[in-house]
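# Fold and geometry: a report
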Amino acid sequence: LSAMLLQSSTAVAIMVSNFVSGGNIVPVVGIAILLGADVGSALVVQILVVRQTFIVPLFLLLGVCLFLRGHQRRIRHSGRIFIGLALIFVSLEMVRTATAPLMGDPATAAVMRYLGQDMLTAFVIGAVFALLVHSSVGAILLFITLVSQGLMPQSAAIAMVLGANLGGAMIPYMLTLSASSGARQVILANVVLRGGAASLTLFLITLLDLSLAPIGTTEAGQVINLHLLFNIGLTLVALPFIGTVLKL
């Protein structure tokens, strides 16, 4: 829920590291919170890919009204959230417009075809891109936009979205280099769990040539749903073994 409201699992990870450093929560609980934040971040992606023309003006109007008319801090912050969501929708539309000319570019098409065949390279690019832009949500939304326009093969999008999960976990790791050992332990555990699971998922999809048809009607929808199911599955599988992972 915190990741959905903040639109960032990284922000949640930084707060959790501070709480662990201060002794307010134990590391095991911290890892559980980070896993939940990853699910919340995946749900944010599901919300942000909705393309309804009325959403932008509605969110802007609601956000501005809450921010200007609200007398309580919580109400004003809620206004900021709605304004931020509206601007994200606007930016996504700008990305679609900006990438439209690339549809007929032979060089771009050749690069995308190569990434569709070399999923390991696509995975690494997805991780690095998410780390560079400091947002796994932003990176994943871009990849999904490209595949929905037919510019990127689905196989490349799958690898890059899974790579973005690793990159997203690395962001708080890089931002907490000076934190206490307990906080670093929690952040590193999330990197190992999320990055390891993403690598394993890519390996299984490639090895078994799995089809995503059962989880969506379109290629972009299948990639979005894979991202959500991946994070939910990781959370359900990892929760019983958090203590063991923490000791390791």
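As shown above, the structure is provided for reference.
These remarks concern the structure in this document. (Residues numbered from 1 in each chain as written. Predicted model: local features only at pLDDT ≥ 70, side-chain atom pairs only at ≥ 80, totals over all residues. Heavy atoms only, no water.)

### Here's the deal with the packing of aromatic side chains
One pass over the structure, following the stated rule, counts two aromatic pairs. Arranged with centres 5.3 Å apart and planes meeting at 75°, the rings of Phe59 and Phe82 form a pair that is edge-to-face. Residue Phe59 is found in helix H4 (residues 55-69), and its partner Phe82 is found in helix H5 (residues 73-99); the two are separated by 23 residues along the sequence. With a relative accessible area of 25%, Phe82 lands in the partly exposed category. Consider the rings of Phe129 and Phe143, whose centres lie 5.8 Å apart with planes at 50°: the pair is tilted. Separated by 14 residues along the polypeptide, Phe129 in helix H7 (residues 119-133) and Phe143 in helix H8 (residues 136-148) bring together distant segments of the chain. Among the residues examined, Phe129 registers a relative accessible area of 30% and is labelled partly exposed. Above the ring of Phe67, the side-chain terminus of Arg76 is found at 4.3 Å from the ring centroid. Above the face of the Tyr173 ring, Arg184 is positioned so that its terminal group lies 4.4 Å from the ring centre. (Phe/Tyr/Trp six-rings, centres within 6.5 Å; stacked < 30°, edge-to-face > 60°. Helix = DSSP H or I, 4+ residues; strand = E, 2+ residues; numbered from the N terminus. Buried < 20%, exposed > 50% of the residue type's maximum accessible area, 1.4 Å probe, protein only. Lys NZ or Arg CZ within 6 Å of the ring centre and 35° of its normal.)

### Here we look at the packing of helix H3 (residues 27-48) against helix H11 (residues 219-238)
At their nearest, the axes of H3 and H11 sit 9 Å apart, and the two run at 165° to each other. Taken together, the axis directions place H3 and H11 in an arrangement best described as roughly antiparallel. Here H3 runs over H11; the crossing is left-handed. Along the contact surface, H3 presents Leu35, Asp38, Val39, Ala42, Leu43, Val45 and Gln46, while H11 presents Ile224, Asn225, His227, Leu228, Asn231, Ile232, Leu234, Thr235 and Ala238. (Axes fitted to C-alpha atoms, helices over the stretch in contact; angles between N-to-C directions. Parallel < 35°, antiparallel > 145°, perpendicular 65-115°, else oblique. Left-handed = near helix turned anticlockwise from the far one by under 90°. Contact = heavy atoms within 4.5 Å.)

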